[in-house]
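# Per-entry structural report
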Amino acid sequence: MCGIAGIFAYHYAAPEVDRDELRRIRDRMERRGPDGAGEWCNENGRVGLAHRRLAIIDLNERAAQPMRSNDGLRTITFNGEIYNYRALRDQLERQGVTFRTESDTEVLLELYARKGASMLADLRGMFAFLIWDEEKHELFCARDPYGIKPLYFANDGWTFRAASQVKALIAGGSVPREVDPAAVLGFFLLGSVPEPLTIHTAIRALPAGCWMRVNAVGPQEPVRYHSIAGTWADAARNTHSITREEAYTHARAALKDSVAHHMVADVPVGAFLSAGIDSSALVGLVRDAGIKDVQTMTLAFEEYRGRIDDEAPLAEEMAALYGTRQRTRVLGVGEFRDALDDILDQMDQPSIDGINTYFVSKVAAECGLKVALSGLGGDELFGGYNSFDDIPRWVRTFRVPSHIPLLGNLARSLYTHMAPGRARRSPKAAGALLYGGTYPGAYYLRRGVFMPWELAEFLPHDFIETGLQRLRLLPVLQSALEPDPGTAFGRVAALEAALYMRNQLLRDTDWAGMAHSIELRVPLVDAVLLRELATLLLQHGPALRKDLLAQSPSTPLPAHVRNRPKTGFQVPVHAWLEQYEAVDAWRAVPSLAREGCPWARRWAYAVYRRFCVPE
């Protein structure tokens, strides 16, 4: 995992690339790549690429970037890992290609030379890259199917700029800082900024599963090459019967294959370990892949000691079961206080999540690791969230009344005026009829942090109106269901993966891991694995789905772990917010100061002020 940057002065009247700006963008991402820094500009100074390197595969200097092709016609800067690069390299060698390095980067470069954009269907991994093609005089940009690796860009009509982080583009000094009201509204409503928006109006994300060309007329429209919703739709049409026994056998093979691919590295690979099924099963599968010496890491908190949400005792039991070297780290408000400025500095865009990953990545770095596996994605794939039950039920309940014109707004108004106390305590109940009749609306009810009518308490009216018009909340959510996945399970899985996981969990995993120069790999977030499991997951009920993962290691998880109530991998931010005055601006907002207010609302307001309100 690394940091990449590029500048292309595509308009004939644009000034040449400012190398100092390119270096400022690159070096804002120093923690993404502490092992090396490189830059390259073409002969006429119109294109510049830069790279910060975290050396994981082929640690030799020969694999440094930006890397040029043997014929000098193409240059790449690449962030991520291609897990099947050895198989792709073998295919290229049989076609007569010779390689100078052992890196996956050079495989990408040579594959692009032969197949162009169609090569993306061959790649298994997490990636974002820029390739300058001197023959075509264009910049090729691409991002992995799930959006594990970020890629942001800004275009002023003369010059195109791209980087792995929003803050890096701002650090270059040429991209305006103007805050986007739509992004702020998206953050308050959903807990993270929905792509392609970013917190700055001038910067956009290249959507996940897309590629884009930039040529003499500027950036072209992104082209989609992968769709999570489309994979679920294909599975719904493929209705061949799979028995229970066949499901266990097939799932075990597919999961083992994904974990084995994600272990490809020239440095040790550790694993985060909680008391949950996802991370525990992954550790068991790592041992099944033949890795004997595995370092695992767990966070524990004084606030949770002796409670069901204390992850440490069961995590240590799982570490003993699979024979790992386990490190359990106990955190408290003091370490949170000391780290807060760094957390908010490293957080690339506003988010209500990521603190847990920040601290467990810090522990991984203390253990001497560069790479760690995470169980992220298991709930989105195997249906582990309550949303898989709630959303279809709400849609069935509210579908008919929600289509009666104005009834939803009328019901919200009556509820708010006739039961104001209850409306303040349960604001989502007021929106049940307004939103609950469709999958995007019901998803918003389930995942939403604030309702739109609550924001007037601390945001200006015109700012809210502008933000809502530009955000287009429900169409943005609906886009995750195109094409229609065809089943209730597929729809919720697509919504969770393309919205909550992509915009919040994966984005937070990226910045929080990189804050400590840790590459986080997610074997359960894998397009090949999704394709392999989608059909059988649609055929079998909720009791079996998560059990497929729990039973996948050759030593399955014990029953008391499989049957344990879900708690998540949480940090006691709610308690810390009460104890630290630097993040207590929420006390001045009556609805946030109210006893029983969810911590996520208070934290969202604290993060907003740090990002958007000048001191």
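What counts, and where the lines are drawn
- Residues numbered from 1 in each chain as written.
- Predicted model: local features only at pLDDT ≥ 70, side-chain atom pairs only at ≥ 80, totals over all residues.
- Heavy atoms only, no water.
- Pairing = 2+ DSSP bridges.
- Helix = DSSP H or I, 4+ residues; strand = E, 2+ residues; numbered from the N terminus.
- Axes fitted to C-alpha atoms, helices over the stretch in contact; angles between N-to-C directions.
- Contact = heavy atoms within 4.5 Å.
- 1 Å grid on protein atoms, 1.4 Å probe; cavity = no way out; pocket = protein on both sides within 12 Å on 5 of 7 lines; lining within 4 Å.
- Points joined across faces, edges and corners; volume = space filled by probe spheres on them.
- Parallel < 35°, antiparallel > 145°, perpendicular 65-115°, else oblique.
- Left-handed = near helix turned anticlockwise from the far one by under 90°.
- Nonpolar A, V, L, I, M, F, W, Y, C, P; charged D, E, K, R; others polar.
- Disulfide = S-S within 2.5 Å.
- Buried < 20%, exposed > 50% of the residue type's maximum accessible area, 1.4 Å probe, protein only.
- Arc of directions from axis to C-beta.
- Patch = residues over 30% accessible without salt bridge, like charges linked within 9 Å, V, L, I, M, F, W, Y side chains within 5 Å.
- Areas by Shrake-Rupley, 256 points an atom, 1.4 Å probe, with all protein chains shown as cover.
- Salt bridge = Lys/Arg side-chain N within 4 Å of Asp/Glu carboxyl O.
- Core = buried A, V, L, I, M, F, W, Y, C linked by side-chain atoms within 4.5 Å.

### Let's talk about the sheet that holds strand β17 (residues 371-373)
Strand order in this open sheet of five strands is β16-β15-β14-β17-β18, and the pairing throughout is parallel. Strand pairing shows two members of the sheet lacking a second neighbour, β16 (325-331) and β18 (519-521), which therefore form its edges. Between one strand axis and the next, the sheet turns through 30° on average, direction left out of account. The sheet contact formed by strand β15 (residues 295-301) and β16 spans seven bridges and is parallel. Residue pairing for β16: T296 is matched across the bridge by Q326. Running over the sheet, helix α11 (residues 355-366) touches β14 (269-272), β15, β16 and β18 and is turned about 135° from β15.

### Looking at the layout of surface pockets
Considered as a void within the structure, the second largest pocket measures approximately 410 Å³ in volume. Considering the residues around the second largest pocket, the lining is formed by 21 residues, among which R224, V476, S479, A480 and R502 are closest to the centre. For the lining of the second largest pocket, the elements supplying multiple residues, two or more each, are α6 (228-237), α19 (461-471), α20 (473-478) and α21 (488-514). The dominant element in the lining of the second largest pocket, judged by the number of residues it contributes, is α21, at four residues.

### A few points about the packing of helix α18 (residues 439-447) against α21
Two numbers describe how α18 lies on α21: the axes approach to 11 Å, and their chain directions differ by 55°. In terms of their interaxial angle, α18 and α21 are classed as oblique. Judged by the sense of rotation from one axis to the other, the crossing of α18 with α21 is right-handed. The residues of α21 that touch α18, namely those facing Y439, Y443 and R447, are A488, R491, V492, L495, E496, L499 and Y500. In terms of residue class, the contact of α18 with α21 is built from seven nonpolar, no polar and three charged.

### Section: the state of the cysteines
Summed over the entire model, instances satisfying the criterion amount to zero disulfides. Cysteine C597 shares no disulfide, and the gap to the nearest cysteine sulfur, in C612, comes to 19 Å. When its relative accessible area of 8% is taken as the criterion, C597 is described as buried.

### Some points on the packing of helix α5 (residues 181-190) against helix α27 (residues 599-612)
Packing of α5 against α27 leaves a shortest axis separation of 10 Å and a crossing angle of 160°. Taken together, the axes of α5 and α27 are roughly antiparallel relative to one another. As α5 runs across α27, the sense of the crossing is right-handed. Seen from α5, the contacting residues are V184, F187 and F188; seen from α27, they are A604, Y605, V607, Y608 and C612. Among the residues forming the contact of α5 with α27, the class breakdown is eight nonpolar, no polar and no charged.

### Thoughts on the sheet that holds strand β8 (residues 152-155)
Judged by pairing direction, the sheet is antiparallel, and its six strands sit side by side in the order β2-β3-β1-β9-β8-β10 without closing on themselves. Strands with a single pairing partner mark the edges of an open sheet, and in this sheet they are β2 (36-41) and β10 (203-205). With strand direction ignored, the average angle separating the axes of adjacent strands in the sheet is 15°. Pairing of β2 with strand β3 (residues 47-53) involves six bridges; the strand directions are antiparallel. Note that in β3 the partner of C41 across the bridge is G48.

### Topic: helix α2 (residues 85-94)
The complete set of buried residues in α2 reads Y85, L88, R89 and L92. Take α2 and look down its axis: the buried residues cluster within an arc of 100°, on one side only. After α2 finishes, the residue G96 shows a positive phi value of roughly 100°.

### A short note on a nonpolar patch on the surface
Taken together, the side chains of L410, L414 and M418 make up a nonpolar region of the molecular surface, amounting to roughly 330 Å² of accessible area. Relative to the elements of secondary structure, M418 occurs in helix α14 (residues 407-418). Under the relative-accessibility criterion, M418 is labelled exposed at 67%.

### What about unusual backbone geometry?
Residues Q65 and P66 are joined by a peptide bond in cis, for which omega reads 0°. Checked against the element boundaries, P66 lands in the loop between β3 and β4 (67-68). Going from E482 to P483, the amide bond is cis rather than trans, its omega being 0°. Phi angles above zero are rare outside glycine, and L406 is one such case at about 70°. Mapped onto the elements, L406 comes out in the loop between α13 (387-402) and α14.

### Let's talk about empty space enclosed by the protein
On inspection of all chains with the given rule, the structure shows six cavities of 30 Å³ or more. In terms of lining, the largest cavity is formed by 15 residues, of which the most central are L54, I57, Q65, D104 and T105. Elements with a contribution of two residues or more to the lining of the largest cavity: β5 (74-82) and α3 (104-115). Across the lining of the largest cavity, the residue classes tally to eight nonpolar, four polar and three charged.

### Some points on the nonpolar core
The biggest cluster of nonpolar side chains holds 173 residues, and the ones touching the most others in it are F129, F188, W232, F359 and W603. Counting residues per element, this core draws most heavily on α21, which supplies 15 residues. Judged by nonpolar contacts, the second largest core, of 19 residues, contains L49, A128, L139 and C210.

### A word on the pattern of salt bridges
Counted according to the given criterion, the structure contains 48 salt bridges. Between D341 and R610 there is a salt bridge, with the nearest N and O atoms lying 3.3 Å from each other. Taken as a pair, D341 in helix α10 (residues 333-346) and R610 in helix α27 lie far apart in primary sequence, 269 residues in all. Judged by relative accessible area, D341 falls into the exposed class, the value being 52%. Where salt bridges share partners, they join R19, D20, R23, R26, D27, E39 and R52 into one cluster.

### A short note on the pairing of β5
With nine of nine residues buried, β5 is to be regarded as a mostly interior element. As paired strands, β4 and β5 are joined by two bridges and run antiparallel to one another. Bridged to M67 within β5 is I76. Between the antiparallel neighbours β4 and β5 lie five residues, among them G72 with a positive phi of about 75°. As paired strands, β5 and strand β6 (residues 125-133) are joined by nine bridges and run antiparallel to one another. Counterpart to T77 in the pairing with β6 is L130.

None of the figures reported here should be taken as evidence of function without further support.
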